[in-house]
Amino acid sequence: MAAPRKASEIRAARKQLRAVTSVRRSVFYVMRAILSVLAIGALCILSFSFAARVSNAYILVNEGMSQRAECILKNTPDSDLASFFSVSCIESDEELRSTSAVPYSGMTINSYEYSIKIRNLHLLPWHINTYVDVIEEISNIKGSVPADSASGASIPDWAPRKYRLNLGKTDGRWFIESVQFLELNPRIDAPATPDPNASPLPIVTPSPAPTPVPSPTPDEVYYSPHD
């Protein structure tokens, strides 16, 4: 039979147990703090990476597609696209650009209004294929028609187009690697706020109509008592 433990031994054992428990809690607290810092750091890096991709994509798509439209309408050199499109994309997109330029062949385009709307982003860091779906609109195209053209010929309107732009990095820079035509005249949602560049709708200004005043009857004519 084991001898009963002394009170001093019991107190020492309890003290040692409290110390072990305190150390264990401290270790768990430090581990949780480290894991929380790592999770927050990973989230910040992920958010920064996504924001950088989105920012680069917006700039690249807006400026690149605007320059592409200028090449089509104003017949500027294809070399101007090299800052935004890869060499293979410029070559593969040549046929699509030529087809779009056919209605404006021989015309001199002086000005136009260009807008592009981004409809879908596939740019998260873990995405292998990164792409952006856009809708391109060109309006108020102004210029001159050749004198030898058919009588009554005018500059045709540009039908809205939907594209898928595949993006990629080359030597640390983002480029549009391919332009894929998706749809002609896609559905365009009405803007949530009025467009300040839109032409005002014609409104008929109402003209006030004069109200006829009835002529007094003979019984209503006032006679002076001195008459």
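All values reported here derive from a predicted model rather than from experimental measurement.

Once that is clear, we can look at the confidence of the model for the protein chain. The share of residues in the protein chain with pLDDT of 70 or more is 79%, and the mean pLDDT across the chain is 82. Element-level mean pLDDT values for the protein chain span from 85 in helix α1 (residues 7-74) up to 94 in helix α2 (residues 87-92).

As for its placement among the helices and strands, D93 is situated in the loop between α2 and α3 (94-101). In terms of polar contacts, D93 uses its side chain to reach the side chain of R68, at 2.8 Å. Not counting residues within four places of it along the chain, the set of residues in contact with D93 comprises R68 and V179.

Now for the nonpolar core. Ranked by internal contacts, the top residues of the largest apolar core, which has 22 residues, are F85, V134, L165, L167 and I176. Ranked by residue count, the leading element in this core is α1, at 6 residues. What F85 contacts, discounting residues up to four positions off in sequence, is G64, M65, R68, I90, F175, I176 and V179.

The next thing to look at is the pattern of salt bridges. One pass over the structure, following the stated rule, counts 5 salt bridges. For D93, the salt bridge goes to R68, with nearest N and O atoms at 2.8 Å. A residue pair is termed long-range when its members are at least 10 positions apart, and D93 in the loop between α2 and α3 and R68 in helix α1 qualify at 25 residues. Across the pair, exposure class does not vary: D93 and R68 are buried alike. A salt bridge links D78 to R97, with the nearest nitrogen and oxygen atoms 3.1 Å apart.

Attention now goes to the packing of aromatic side chains. Per the stated rule, a full pass over the model turns up 2 aromatic pairs. Ring centres of Y104 and W158 lie 6.2 Å apart, and the angle between their planes is 25°; on these two criteria the pair is classed as stacked. Of the two residues, Y104 sits in the loop between α3 and β1 (108-122) while W158 sits in the loop between β2 (130-144) and β3 (161-170), which places them 54 residues apart along the sequence. Assigned by exposure class, Y104 and W158 land together as buried. For the pair Y163 and F181, a centre-to-centre distance of 6.0 Å together with 70° between the ring planes defines the contact as edge-to-face. Of this pair, Y163 sits in strand β3 while F181 is found in strand β4 (residues 173-184), placing the two residues 18 residues apart along the sequence. Residue class for Y163 comes out buried when judged on its relative accessible area of 0%. Accessibility expressed as a relative area gives 38% for F181, which makes it partly exposed.

Conventions used here
- Residues numbered from 1 in each chain as written.
- Predicted model: local features only at pLDDT ≥ 70, side-chain atom pairs only at ≥ 80, totals over all residues.
- Heavy atoms only, no water.
- pLDDT = per-residue confidence, 0-100.
- Helix = DSSP H or I, 4+ residues; strand = E, 2+ residues; numbered from the N terminus.
- Polar contact = N/O pair within 3.5 Å; in protein donor to acceptor, adjacent residues only side chain to side chain.
- Contact = heavy atoms within 4.5 Å.
- Core = buried A, V, L, I, M, F, W, Y, C linked by side-chain atoms within 4.5 Å.
- Buried < 20%, exposed > 50% of the residue type's maximum accessible area, 1.4 Å probe, protein only.
- Salt bridge = Lys/Arg side-chain N within 4 Å of Asp/Glu carboxyl O.
- Phe/Tyr/Trp six-rings, centres within 6.5 Å; stacked < 30°, edge-to-face > 60°.

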